[in-house]
Each structure stands twice: as C-alpha cells, then as structure tokens.
Amino acid sequence: MPVTQDHSSFANYWQAAVTHIDLDLSVHFDSRTVGGTAKLSVKIRESGTSELFLDTRDLIINSVTHKINGPDLPFKFSDEHKALGTKLVIGFGRQLSEGETCDIVISFSTMPKSTALQFLDPSQTAGGKHPYLFTQCQAIHARSFIPCQDTPAAKLTYSAAVTVPVALTALMSAVPQDSSRPSSGPSGTHTFHFKQDVPIPSYLLALAVGELESRQIGPKSKVWSEPSMVEAGAFEFADTAKFLAAAEEVAGEYVWGVYDLLLLPPSFPYGGMENPCLTFVTPTLLAGDRSLVNVVAHEIAHSWTGNLVTNATWEHFWLNEGFTVFLERKIIGRLHGEQALQFHAANGYLSLVDTIHQIGDTHNFTALVPDLSGGVDPDDSFSKVPYEKGFYFLYYIQGLVGGSKPFEAFLKTYLQHFKFKTLTTTDFQEFFCEYFQDTAAVQQIDWQTWLYSPGLPPVQNDYDPSLGQAADALALKWHTSDLLGIGSKGPAGVSPNDIQGWSSEMLVAFLDKLASYRARQPMNKQTTRQMAKLYSLDESKNAEIRGSWYKLAVNAEDDAVLPLTVQFLKEQGRMKFLRPLYRALYKSKMGKDIAVQAFQESRQSYHPIAAKMVAADLHVD
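Residues numbered from 1 in each chain as written. Predicted model: local features only at pLDDT ≥ 70, side-chain atom pairs only at ≥ 80, totals over all residues. Heavy atoms only, no water.

Participant: Which residues make up the packing of aromatic side chains, and what values go with them?
Facilitator: Under the defined criterion, the tally for this structure stands at 52 aromatic pairs. Between Tyr13 and Trp14, the aromatic rings sit 5.4 Å apart at their centres with planes inclined by 90°, giving edge-to-face as the arrangement. A residue is classified by how much of its surface remains accessible, and Tyr13, at 7% relative accessible area, is buried. Judged by relative accessible area, Trp14 falls into the partly exposed class, the value being 21%. Here the aromatic rings of Tyr414 and Phe428 are separated by 6.0 Å at their centres, their planes lie at 85°, and the arrangement is edge-to-face. Pair noted here: Tyr414 is in helix α8 (residues 404–418) and Phe428 is in helix α9 (residues 425–435), with a separation of 14 residues, a long-range link. Overall, the relative accessible area of 1% leaves Tyr414 in the buried class. Taking relative accessible area as the criterion, Phe428 reaches 0% and is therefore assigned buried. The cationic tip of Lys87 hangs over the ring face of Phe53; the distance from NZ or CZ to the ring centre is 4.5 Å. The ring of Phe235 is capped by Arg290, whose NZ or CZ atom sits 3.9 Å from the centre of that ring. (Phe/Tyr/Trp six-rings, centres within 6.5 Å; stacked < 30°, edge-to-face > 60°. Buried < 20%, exposed > 50% of the residue type's maximum accessible area, 1.4 Å probe, protein only. Helix = DSSP H or I, 4+ residues; strand = E, 2+ residues; numbered from the N terminus. Lys NZ or Arg CZ within 6 Å of the ring centre and 35° of its normal.)

If you want it as structure tokens, here you go:
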C-alpha cells in the first residue's frame, strides 16, 4: 500500500504507475463528445502485480489491447460511486515483476454528460459563428475526459494529436509541435500535435478548441482568445513577462518552455486555472485598466507551487494553494513594493474570516488538512481556507525563522528538492524542521493546531496597514453611521471625493471591510442607496467591485440591486461571484425565489462544476 492513501482515487499507482500517455483524439461537436485512443506506458513498482486500476467516470470503453493492434486484454468495471466514478480494472494476463514495463492501448469515448468538458453553442461565444470546447479537470474530473490514474500522486508526461473542424484551433496544456500549421485530417478537419515533457498530475490535462487567435505579449508568452477579445486580452495581460521574471527571482528557473494565456468564454468557473504552458483565465479580468491581473501572478506562481511541486492528495491542497498565494504576494511585493504585499495579505485575512464564518469554525473543511475519507468529493471541500489559511501559516513561520531573506532561501531549496515530485504535509513539516533545526523559534510552532484543527489560525499576524488605512477608515465611518441597521443618510461630510483616485482594489477593500463589520447586523437599504448614489456603485463594470457591492446590498435587502445582481449572475459563470451572490439572495427575504429562478434560467450556460455547487447552495437537487 502507498504511504499516503488517496481517498479520491481508485488507482493502484503504487503497484503499477502510468508514466506516459500518447493521446489520439477527435472532437465531435455534433455529439458533444471526445473520442479516440490512449496509449498508456505502465511501469511496475511492486512485484506480483497482475492488474491495473484506472479512474473513469461517464466514459465508454470500446477495447483494451496490449500495444497497438495487439491482443485484447480483459477489463471490467466496479460499481459506480456517486462522487468518484467507476474503477476500470485491466488484467495484465500474468503477474509482473518490479521494473517491468508494458504499453496498454484503450479505445474510448466521453459521454455528453462528462463533467470535465463544456461544449458551447455558437450563440454562447463572442463570435457567434463557431462552437467551443474547454476542459476543467481539477480536482477529479480528468477521469471523465480520459481513462487515467486520476490522483495528483501519479505524475506523467504526455503527447497528443487532436483532430478538430478545419475552422477551429486546438490548444492543450503542452507545447505545440506544429511549427507552421496543423496537418490535414479527414474531410473538413485538421490535426494539432502537442508534447508535454515535464511530468504533471492528471488534473493538469487540458484541452480547448474554438475560433482562436493569438498575440505575442512577451518572449515566452502569447495571449489566445476569440478574435473579438484578443486585443483586449493583449492589453490587459501585457505585464505577464514582468510577473514571470519576478517569480523566477523568488522561485528559480521556469521549466515549462512557454507560458501562454487563454482568455475563455464567460462560463469558465474560475478566475484562472494553472494548466502548464497554457493558463486558462476568465474574461471577468478584462477591466480595461489592468487592475485585476493579479490572478495571472497567482497562476504563474503555480508553475512552481502546484505544477512543479504538487500535493500528493487533495487533503494536502494547501501545499498547492497556500504556497501559491505566498509566492503570488512575493511577486506583487517585487513589482509594487512591500506595502502592496501587506495590503493583499490583510485583505486575504478578511476573506478567510468570512469563509470560516460561512462554513462554520468547527467544520472539518476549515482545517488546513481536512479529512476527505469516505468518498468525499474534493470539490466540496475547496474554499478560501487552503489559500488564505495556508498563506497565513507560511507568513507566520517566515517571521519565526527571521523574515523574508532566510525563508526565501528555504523556499528555493524546498522547490528544488521536491520538483517533479508530490508530497504530503508531513513531508513538508519534516523538511522544514530539518532545514531550520538550529532555529530555536521553530519550537514554538503548534503543528497540530495549525494543520489539523478547524477554525481561524491560532496566532494573529500583524500586517502593515498603510495602503489600506483610508479604505478601513471609510468603512468604519459608514458602519458607525448605521450601527443598528435602521437606516441613515451616511456619515457627516462624505462625498464622491472620498474615493477619488482610488484603485479598484482599494474600493473592493472598503466594501469588504464594511461587509466584515456588518457580518451580524446588515445595513439598511436607505444607507446602501446613499452609498450607491455617492460612489456610483451601481454603475461599476468592474467584476470585483460588482461582486462585493451586490453582496453587501443584497444583505441590506436593497431591492434596487436585484436586476443588476441577476444580470451579473447570468452574464458570467465564475464561482467566486456565483456562489456568494446566490447564497446571499437565497438567504434574503426579497431574493429567495429570484435566486432559484435565475439559476434555473442560467444553469445550462454554467460549467457542470459550477452548476453542481450552486445547486447544492440553493437546495434545488
């Protein structure tokens, strides 16, 4: 048995490891399926192994053979598990010895209900002429794309040939091999080729197909999108090379070759997804002023923390996300100064407090290392906790060991030691304690409480409040002007000049700080209407401002924002905005039925992951 069991996978990767996959895929928009073959290179790790266990969900397996055109191999399925799918058991025909290798070829097809794939009709795209497909495999959705060992504990390299309609372009989380143009395929199609030589976990497999164009935005980088958005994307993400350079300064060499960005249609459920060589990003980042591109800093940071050094199972997700937020803020500090890092850290703590309040401070999911045994879907456990509580812990221990300089030296050593590998929290703890064995302050760390206890962090971090002082002060003014929630015209002397010259980040910080003050007693709608009038909040087109403002106003039973909120929920599918706003509407006196109706009208346009999570929030399934 493996040292660490992955409760979210059926794979026997500790006995027989899939080390490489050659994919030959065709995309069928008419049937909303992807089909073809996967040739799996398998290495035996434990003598006496006679079977290979793979993860699948909603896949049709046509045949399994030993090598291409080789003899058939026996295969069978286990009973279906609601969250985890179905185990595919393939017999080798004999017991194999440690070190032996074999190639297995699986002919398969996805089903239209695959949770990894979202097919969009032409009407759901910016261009309106051609269909679109994109995948989202994190956390355990790769098994509904291809038969695989769908666990981060098993890394592999891959190559792919992808055949698509001739008017469309295919992209993957790999380096394109078509130097000039794709090769011709069957009538009306052409084939794109890709290669990923750096080992990755299955959740980083990614495919996108659509009417796509690119613009060069740096030595290693292009931005891709539908033609009508490509110039806006090139402007918004023009600083990508600066982010990469700052990240390399902190974390070491970038090993992935290219770093491209794909600007997806609005239904993409996340801010970004760190697919190697091709970060997926949401169009809600297109603010027109480059004010929301810190998401790109986060996804670039994943090139080291997550993609290069990877959590062994989803219980240890904080090793991906906590470290990535930490590195993201180091990048921001390099580019915009230490006060900017401190500003983002303080705002991150507010979001952590709000998340733990929403989940419950005794809930298993608020521990840095939650228990996912018993068939828990990892998607259900994901929240701000691994991101912000993970960052909070790393910032705390950085202070204990002497600050940024010694901790950044440790970080480079850590990344070098574990690159191309997976690790658990215990692996990290042991490595950290050995590295800092001569640092007495490390003895202060209460590992058990920090890592395994639910709720807020046990120690308070102090951040430089300089950049956030004006936002905090204005939030306190508005809070105290309506302490009882009975309504007011606002604090004395407030005016539109209060926010003159503020960045969108400052305005969001003001709204979120005010929301934290009003966690127990919402504001009165008379007060929020006065805020809207003074600061033109209803007119904002910035997605982050809209998300924070609408939530604050809905909690105040401010019916003037209902049509704005519903429109926002219908025009994009990012879960960062969908889930808090749907929950706020559902909880409010004025919005419960409106929330359910809006979701039912929009559900088919959302990604399956987003639809599943919102349905649970609204208790509609």
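Resuming the write-up.
Participant: Mind laying out the side chain of Thr366, listing which residues take part and the relevant values?
Facilitator: Examined against the element boundaries, Thr366 turns out to sit in the loop between α5 (338–359) and α6 (378–381). Here His363 takes part through its backbone oxygen, which lies 2.8 Å from a polar atom of the side chain of Thr366. Engagement of the side chain of Thr366 in a polar contact is seen with the backbone nitrogen of Gly455, the distance being 2.8 Å. Sequence-distant contacts of Thr366, that is, excluding residues within four places in its chain, are made with Ile356, Ile359, Gly360, Asp361, Val385, Lys389, Ser453, Pro454 and Gly455. (Polar contact = N/O pair within 3.5 Å; in protein donor to acceptor, adjacent residues only side chain to side chain. Contact = heavy atoms within 4.5 Å.)

Participant: An account of the pairing of strand β17 (residues 221–225) is requested, with residue identities and associated values reported.
Facilitator: Most of β17 sits inside the fold, with 4 of its 5 residues counted as buried. In terms of strand pairing, strand β16 (residues 213–218) meets β17 through 5 bridges, oriented antiparallel. Along β17, the bridge assignment pairs Arg215 with Val223. A loop of 2 residues connects β16 with β17, the two strands running antiparallel in sequence. As paired strands, β17 and strand β18 (residues 260–263) are joined by 2 bridges and run parallel to one another. (Pairing = 2+ DSSP bridges.)

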